[in-house]
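Observations on the model geometry
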Amino acid sequence: MPAFVWLTVLTALRILGRNRLRAGLTMLGIVIGVGAVIAMVSIGEGAKRAVQAQIATMGTNVIIVWPGATTVSGVRGGQGGAVTLTVSDALDLKKKIPVLADTGWAKRDVMQIVNGNLNWNGSINGISPSYLTIRDWSFTSGGPFTQADLDSAARVALIGQTIVENLFEPGEEPVGAVIRIKNVPFRVIGVLAPKGQSAQGSDQDDVIFIPFSTAERKVFGTPFLGSVGAIFASTDRAEDLPEAVDQIREVLRARHRLLTEQNDDFTVRTQVDIGKVQEGTSQTLTLMLFSIASVSLLVGGIGIMNILLVSVTERTREIGVRMAVGAKRRHIVMQFLIEAMTLSLLGGVLGIAVGVLGAKLTTVVAGWPTIISSDVIVVAFFFSLAVGLFFGLYPANKAARLNPIEALRYE
């Protein structure tokens, strides 16, 4: 039997070689389908990995509490304007919830920053020192401000890489420089390490951190002293996040004197929650792209079936001769199935090369991250073989059902 299969494969290759253009056009659908599947899934996986990397920049086991109720899609896109959270809330959470490693707070506004004759509109964040620890911010030069700076409302600032690029000349040392925010002078004491884009697509390096007390009293101004734009908390272990969220909700509801029937006047989300929303979008995109690419494989399969049906008609007399000299129906079926699978096999191999090349070109040309998975290559390859087998069955059975006598008389 193996010898018969090998001889049939050689025969199939010889027959396909007679009509190379037709065989090439027939394989084109498989080549495009397999290539598209590999390229699209690689792009989707790359996007998923990029989202995971962006989520990781938030810190480790981070919980965010925003003022006001949940807005769009269960996750708020920014800090709310409602005044329902305070510094006292953050301090009480740390005091009453042992599972929390730390709590911090922040308030944000966009303002003009000036350094000499250069200016830039950037994100000004009044924060507690613990915020930097929770968010895992590190420094390329200088260092963070302290609790003493917070207590004394010191005019010191930490600046991100985007601020450095727009407010300082190349090679100029930012640490020690004095910048002005709303005409208030601030001494730069640290340059933050780059974090890149956030999961929402904003530039995390376009940021200036100043002590919360300084922001509240000398920069932002507020009718409600102690009100914050968001509370940040962290746990030592990821598995403690659900318990921490429940306890945060319980403590805040008690502090805000909310009745049982009243909704929360705050929104609690974890790093995991935000990641799931972003990854869900990425997975939906990947499935959509995979489905579109799979259509090309089906079109290629229809092309294989069509060319084999033409081949059955062209080789009717040949089939009759084979049957006359003792070939059984299963031999005829095997012959045409092997021809179909040879076409899909060659198309699959070429499609893998096209898909890998396409994914790499996407990374080089468009700058999109792509991850080429060996599992996807194997699945796409065997799927192409399955397409050849499935669409080769009908022509193979049609050839095997030919009447040998009528086939011999066919002109």
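These numbers were taken from a predicted model, which means no experiment stands behind them.

Scanning the chain for helices and strands turns up 13 helices and 10 strands. Taken against the 2.2 N^0.38 rule, which gives 22 Å for 411 residues, the C-alpha radius of gyration of the chain at 33 Å runs more than 25% over that of a compact globule. Seen through its C-alpha atoms, the chain measures out along the principal axes to roughly 105 × 55 × 30 Å. Out of the 411 residues belonging to the chain, those deemed buried represent 48%. Long-range contacts, defined here as pairs at least 24 residues apart, represent 78% of the contacts in the chain between residues at least 6 apart. Entry remark: accessible area of the chain is about 20,200 Å², with carbon and sulfur atoms responsible for 60%. Considering the chain, the positive charge centre built from 37 side chains and the negative charge centre built from 33 side chains are found 11 Å apart.

Another point: the side chain of D149. Turning to its location among the elements, D149 is positioned in helix α5 (residues 147–151). Notably, D149 is buried but unbridged: the nearest opposite-charge side chain belongs to R187, and the N-O separation is 6.4 Å. Apart from the residues within four sequence positions on either side, D149 is in contact with A154, V156, P211 and S213.

The biggest cluster of nonpolar side chains holds 33 residues, and the ones touching the most others in it are V34, I319, I332, F336 and L343. Setting aside chain neighbours within four positions, we find I332 in contact with I319, R322, M323, A327, A399 and A400. Grouped together as the second largest cluster of nonpolar side chains are 24 residues, L85, V87, V99 and A244 included.

Let us look at the domain arrangement of the chain. When the domains of the chain are assigned, the result is domain 1 (2–54 + 277–409) and domain 2 (83–264). For domain 1 and domain 2, the distance between their C-alpha centroids amounts to 56 Å.

Attention now moves to helix α2 (residues 20–56). With 37 residues, α2 ought to run about 54 Å at 1.5 Å a step, and its terminal C-alpha atoms sit 52 Å apart, in line with that. Bending of α2 peaks at approximately 35 degrees at the position of M27.

Judged by side-chain polarity, W6, L7, L10, L13 and L346 come together as a nonpolar surface patch covering roughly 480 Å² of accessible area. Ranked by residue count, the leading element in the nonpolar patch is helix α1 (residues 2–18), at four residues.

It is the contact of α2 with helix α12 (residues 374–400), at a shortest axis distance of 10 Å, that shows an interaxial angle of 155 degrees. In this view, α2 runs roughly antiparallel relative to α12, as classed from their interaxial angle. For the pair α2 and α12, the crossing hand works out as right-handed. Contacts between α2 and α12 pair I30, V34, V37, I38 and V41 from the former with V376, I377, A380, S384 and V387 from the latter. Per-class residue counts for the contact of α2 with α12 are nine nonpolar, one polar and no charged.

Our next topic: the pairing of strand β6 (residues 178–181). Because side chains alternate across β6, one face comprises the buried residues I179 and I181, and the other comprises V178 and R180, none of which is buried. Where strand β2 (residues 100–115) lies against β6, two bridges are found, and the strand directions are antiparallel. The residue of β6 that forms the bridge with I113 is I181. Here β6 pairs with strand β7 (residues 184–192) via four bridges, running antiparallel. From the neighbouring strand, I179 faces β7, where its bridge partner is F186. Hairpin connection, β6 to β7: the antiparallel pair is bridged by two residues, and K182 has positive phi, about 55 degrees.

This paragraph deals with the pairing of strand β9 (residues 230–235). For β9, a buried count of six out of six residues is recorded, marking the element as mostly surrounded by other parts of the structure. The alternating pattern of β9 places A230, F232 and S234 on one face and I231, A233 and T235 on the opposite face, and all of these are buried. Bridging between β2 and β9 involves six bridges; their strand directions are antiparallel. From the neighbouring strand, L100 faces β9, where its bridge partner is T235.

Now for the pattern of salt bridges. Inspection of the entire model under this criterion finds 12 salt bridges. A salt bridge links E314 to R22; the nearest nitrogen and oxygen atoms lie 3.2 Å apart. Here E314 is found in helix α9 (residues 271–314), whereas its partner R22 is found in helix α2, with 292 residues between them in sequence. Overall, R22 belongs to the partly exposed group, its relative accessible area being 27%.

Once that is clear, we can look at the environment of R217. Mapping R217 onto the fold places it in helix α7 (residues 212–220). Considered as a pair, R217 and W6 are 211 residues apart in the sequence and their alpha carbons are 85 Å apart.

About the criteria used
- Throughout, a residue's number is its position along its own chain's written sequence, starting from 1.
- The model is predicted, so local features are restricted to residues of pLDDT at least 70 and side-chain atom pairs to those at 80 or more, both for listing and for counting; the totals for chains, interfaces and linings are taken over all residues.
- The basis for the side-chain values is all heavy atoms of the structure; hydrogens and waters are excluded.
- Going along the chain from the N terminus, every DSSP run of H or I of four or more residues is numbered as a helix, and every run of E of two or more is numbered as a strand.
- Throughout, the radius of gyration refers to the C-alpha atoms, and the reference size of a globule is 2.2 Å times the residue count to the power 0.38.
- Each residue gets one of three labels from its accessible area relative to the maximum for its type: buried under 20%, exposed over 50%, partly exposed in between, using a 1.4 Å probe on protein chains only.
- Contacts: residue pairs with any heavy atoms within 4.5 Å of one another.
- Throughout, the Shrake-Rupley method with a 1.4 Å probe supplies accessible areas, and for residues the shown protein chains are the sole cover considered.
- We count Lys and Arg on the positive side and Asp and Glu on the negative side, and we leave His and both chain ends out.
- Note on charges: their place is set at NZ of Lys, CZ of Arg, CG of Asp or CD of Glu.
- Throughout this description, the term salt bridge denotes a Lys or Arg side-chain nitrogen within 4 Å of a carboxyl oxygen of Asp or Glu.
- Among buried residues, those of type Ala, Val, Leu, Ile, Met, Phe, Trp, Tyr and Cys that are joined through side-chain atoms within 4.5 Å constitute a nonpolar core.
- Where each domain begins and ends follows an automated or database-derived domain assignment.
- One less than the residue count of a helix, multiplied by 1.5 Å, gives the span that helix is expected to have.
- Here the bend at each residue means the angle between axes fitted to two seven-residue stretches, the one ending at that residue and the one beginning there.
- For patches, a residue must show more than 30% relative accessible area and have no salt bridge; joins then use 9 Å for like charges and 5 Å for nonpolar side chains, namely Val, Leu, Ile, Met, Phe, Trp and Tyr.
- Note on geometry: axes are C-alpha line fits, over the in-contact stretch for helices, and angles between N-to-C directions span 0 to 180 degrees.
- When describing relative orientation, an angle under 35 degrees is termed roughly parallel and one over 145 degrees roughly antiparallel, while 65 to 115 degrees is termed roughly perpendicular and anything else oblique.
- Crossing handedness follows the turn of the near helix against the far one: under a right angle anticlockwise gives a left-handed crossing, and clockwise gives a right-handed one.
- Following the grouping adopted for this structure description, the nonpolar residues are Ala, Val, Leu, Ile, Met, Phe, Trp, Tyr, Cys and Pro, the charged ones are Asp, Glu, Lys and Arg, and the polar ones are all others, Gly among them.
- Any two strands with at least two DSSP-identified bridges between them are counted as paired.

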